[in-house]
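Next come the chains, spelled out residue by residue.
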Amino acid sequence: MKKLLKIFLAGLLLINSAAAFCANAKYESDYYTLNVTYNESIVPGDAVFARIKITTNKKKSKNETEKKASLILIQDKKTIESSPFYQINKNKKSTVTEMLAAVPVSPWIEGGNFTLKVVFNSLNEEDFEFKLPVEFKNREWNKETIELDAKNTAIKTNNSPERTAQIEKLNNILFTTMTSDVFTLKRFTVPNPSTRYTAYFGDRRIYAYSNGKSSTSLHYGNDYGIPTGSEVHACADGKVVMAEDRISTGWSIVIEHLPGLYSLYYHLNELNVSEGQMVKAGELIGKSGSTGLATGPHLHWEIRLNGSAVRPEFFLNDFTFDEE
């Protein structure tokens, strides 16, 4: 039988933008005190992060195993996303453990009854779980039609083994979570200072092909309408896990920042980094262009969490609660 902890809910705090609120909660058991900070807003296209500070109240057993926890997002009593917590700030005193986890919220969600749950386990006591109060906030999306010429139609409808292999390779990267790869806890910065956007994350698109046919899709990032050769900078510290030419996205860069969290930069004209290289926030990584499927010069900037696209602006806030 699962053990329910004593709950203390703290007040809400508004972070920088409408992206979100965070809430604080405190949970106690015989062995541990858990202080939790998390996003209380469930917003389509955003993410929910939760950070736990675990303080040991009693002397540890010599046989105690590593603490484990999971973050679970439930919609109408059905689990729609879950993710394990991973340890951060490992050099702090041994009586305190800090852990972080995140789940994406699908941009296709239109409503429902949501529950955010944490399941925690350790050697000293049975697994226990607790629920965090959350609030759903809907979002409106843009709609647009993209007219494709013969060249871009051929790219969009390309079903060759080469393009299929490229898609599979990228997905294998984006769905990989390495719990030891904690490269930054800082808020992201924009990859280019331009404020001219030609498309936004979540745009509902109709692609009109040159042969009269069409298809629909969702736009997974923000497009900066900047000239070819404009500087593109890393949005945060991390490791370059892809830097190559692709059929649909042209010269492309993918950087890992946290377990399961990646930034992507598409349609570049020039690459200034290579796979395996470590980069710092603001470092020049390439220059913009119009390679791949592009109707003009621009930078496509995208963020993926556990394989799912998340609105890039969300990460311009203190999303790991490191500044609290």
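In this text the structure is predicted, and so the values were computed from the model without any measurement.

Reading guide: rules and limits
Residues numbered from 1 in each chain as written. Predicted model: local features only at pLDDT ≥ 70, side-chain atom pairs only at ≥ 80, totals over all residues. Heavy atoms only, no water. Helix = DSSP H or I, 4+ residues; strand = E, 2+ residues; numbered from the N terminus. Buried < 20%, exposed > 50% of the residue type's maximum accessible area, 1.4 Å probe, protein only. Contact = heavy atoms within 4.5 Å. Areas by Shrake-Rupley, 256 points an atom, 1.4 Å probe, with all protein chains shown as cover. 1 Å grid on protein atoms, 1.4 Å probe; cavity = no way out; pocket = protein on both sides within 12 Å on 5 of 7 lines; lining within 4 Å. Points joined across faces, edges and corners; volume = space filled by probe spheres on them. Nonpolar A, V, L, I, M, F, W, Y, C, P; charged D, E, K, R; others polar. pLDDT = per-residue confidence, 0-100.

### Focus: the overall build of the protein chain
When its secondary structure is counted, the protein chain shows 2 helices and 25 strands. A burial count over the protein chain gives 52% of its 324 residues as buried. A fraction of 67% describes how many contacts in the protein chain between residues 6 or more apart in sequence connect residues 24 or more apart. Roughly 15,100 Å² of accessible area belongs to the protein chain as shown, and the carbon and sulfur atoms make up 49% of that amount.

### Looking at the layout of surface pockets
Of the voids in this model, the largest pocket is the one considered here, and its volume is about 810 Å³. If you go around the largest pocket, you meet 32 residues; those closest to its centre are Arg205, Tyr207, His219, His267 and His300. Among the elements of the structure, strand 13 (143-147), helix 2 (161-174), strand 14 (197-199), strand 15 (204-208), strand 16 (214-218), strand 21 (261-271) and strand 24 (299-305) are those that each provide at least two residues to the lining of the largest pocket. Here the lining of the largest pocket takes 5 residues from helix 2, the largest share from any one element. Broken down by class, the residue content of the lining of the largest pocket amounts to 13 nonpolar, 11 polar and 8 charged.

### Considerations on the confidence of the model for the protein chain
Interpretation of this model should avoid reading the predicted coordinates in detail wherever pLDDT is low. In this model, the protein chain carries a mean pLDDT of 89, and residues with pLDDT of at least 70 account for 89%. Counted against residues more than four places away or in other chains, residues 1-20, with its pLDDT under 50, gives 48 contacts.

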